[in-house]
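# Fold and contact review
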Amino acid sequence: MPCKEFSISQSKVCSSAAEALKGNVSDGQTIAIGGFGLYGITEALIEALRDSGVKDLTCISNNAGVDDFGLGLLLQTRQIKKMISSYVGENKEFERQYLSGELEVELTPQGTLAEKLRSGGAGIPAFYTATGVGTQVAEGKETREFDGRTYVLEHTLRADVVLIKEKKADKAGNLIFNKTARNFNPD
């Protein structure tokens, strides 16, 4: 069931998704979108983002949506210039744009993506992980050995705007999520 109120900050409650985005989104921003696959995504805010007409977005999300739902809506209107994601396999428009060079893609292992978001929010600029060592994921990145094991340095992600789906929020920013819709939303 869609929410009837959209919280934008500790002191403002908006009556619509469009009102929540007004003045907060603009061309060229990096926007993180919560959810896992298609569950827990911010359907109304993604539609309002599409309708806002902002473009040249870098979107950070676990999934690139499908052709007619989720971030697939923003791909249809060519509003996304770069996608940072861990899974992109169910979207034909995504595939077409990527293969034709219209869309920049940064694939990131799922756990690394979650940590990049979490640590970015905590003010940590980078961290080492063993995930991706010896693969394309590590190409061009600094590596370092700790206790005989090689790790790759991953820089964290920070977004200009974050779209999350919660069941309830208070003015202090505490959130309650509906069942498994919690997924990537806290990160």
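Residues numbered from 1 in each chain as written. Predicted model: local features only at pLDDT ≥ 70, side-chain atom pairs only at ≥ 80, totals over all residues. Heavy atoms only, no water.

### A closer look at the overall build of the protein
The secondary structure content of the protein amounts to 5 helices and 12 strands. When contacts within the protein are restricted to residue pairs at least 6 apart in sequence, those whose partners lie at least 24 apart make up 55%. Accessible surface computed for the protein: about 10,500 Å², of which carbon and sulfur atoms make up 49%. (Helix = DSSP H or I, 4+ residues; strand = E, 2+ residues; numbered from the N terminus. Contact = heavy atoms within 4.5 Å. Areas by Shrake-Rupley, 256 points an atom, 1.4 Å probe, with all protein chains shown as cover.)

### Overview of the nonpolar core
Core analysis: the biggest nonpolar cluster contains 27 residues, and I31, L49, L71, I80 and L163 have the highest contact counts within it. For this core, the secondary-structure elements that each account for two or more residues are α1 (17-21), β3 (30-33), α2 (43-52), β4 (57-60), α3 (72-76), β5 (80-85) and β10 (161-163). A per-element tally of this core places α2 first, with 4 residues. Within the second largest apolar cluster, 6 residues are counted, among which are A32, I60, I84 and L157. (Core = buried A, V, L, I, M, F, W, Y, C linked by side-chain atoms within 4.5 Å. Buried < 20%, exposed > 50% of the residue type's maximum accessible area, 1.4 Å probe, protein only.)

### A closer look at the packing of aromatic side chains
Under the defined criterion, the tally for this structure stands at 2 aromatic pairs. With centroids separated by 5.2 Å and ring planes inclined at 70 degrees, the aromatic side chains of Y128 and F146 adopt a geometry described as edge-to-face. Here Y128, found in strand β7 (residues 126-129), pairs with F146, found in strand β8 (residues 143-146); they are 18 residues apart in sequence, far enough to count as distant. According to the relative accessible area criterion, Y128 is partly exposed, its value standing at 26%. Under the relative-accessibility criterion, F146 is labelled partly exposed at 31%. (Phe/Tyr/Trp six-rings, centres within 6.5 Å; stacked < 30°, edge-to-face > 60°.)

### Looking at the pairing of β4
Residues in a regular strand project their side chains so that they alternate between the two faces of the sheet. Taking every second residue as pointing to the same face, both faces of β4 are buried, with L57 and C59 on one and T58 and I60 on the other. The sheet contact formed by β3 and β4 spans 3 bridges and is parallel. Each bridged residue has a counterpart across the sheet, and for T30 the counterpart in β4 is T58. (Pairing = 2+ DSSP bridges.)

### Here's the deal with the sheet that holds β5
Spatially, β6-β5-β4-β3-β10 is the arrangement adopted by the 5 strands of the open sheet, whose pairing is parallel. Of all strands in the sheet, those with a lone pairing partner are β6 (104-107) and β10, marking the two edges. Pairwise comparison of adjacent strand axes, ignoring direction, gives a mean angle of 20 degrees for this sheet. (Axes fitted to C-alpha atoms, helices over the stretch in contact; angles between N-to-C directions.)

### Describing the environment of V105
Mapping V105 onto the fold places it in strand β6. With a relative accessible area of 24%, V105 lands in the partly exposed category. Spatially, the C-alpha atoms of V105 and F94 are 9.6 Å apart, while their sequence positions differ by 11 residues. Apart from the residues lying within four places of it in its own chain, the contact partners of V105 are M83, F94 and Y98.

### Regarding the environment of Q79
Locating Q79 in the fold gives a position in the loop between α3 and β5. The class for Q79 is buried, based on a relative accessible area of 3%. Each residue touching Q79, except ones within four places of it in the same chain, is listed here: L49, R50, G53, V54, K55, D56, L57 and L74. At a separation of 2.4 Å, a polar atom in the side chain of Q79 contacts the side chain of T77. (Polar contact = N/O pair within 3.5 Å; in protein donor to acceptor, adjacent residues only side chain to side chain.)

### Some thoughts on the pairing of β6
Looking at chain direction, β5 and β6 are connected through 4 bridges and run parallel. Counted as the bridge partner of K82 is E104 from β6. Running through helix α4 (residues 92-99), the crossover from β5 to the neighbouring parallel element β6 is right-handed. (Right-handed = clockwise from strand over helix to strand, strands pointing away.)

### What to know about the confidence of the model for the protein
On average, the protein scores 87 in pLDDT, and the residues at 70 or more come to 88%. Taken element by element, the predicted model of the protein shows its lowest mean pLDDT in strand β1 (residues 6-9) (48) and its highest in β7 (98). (pLDDT = per-residue confidence, 0-100.)

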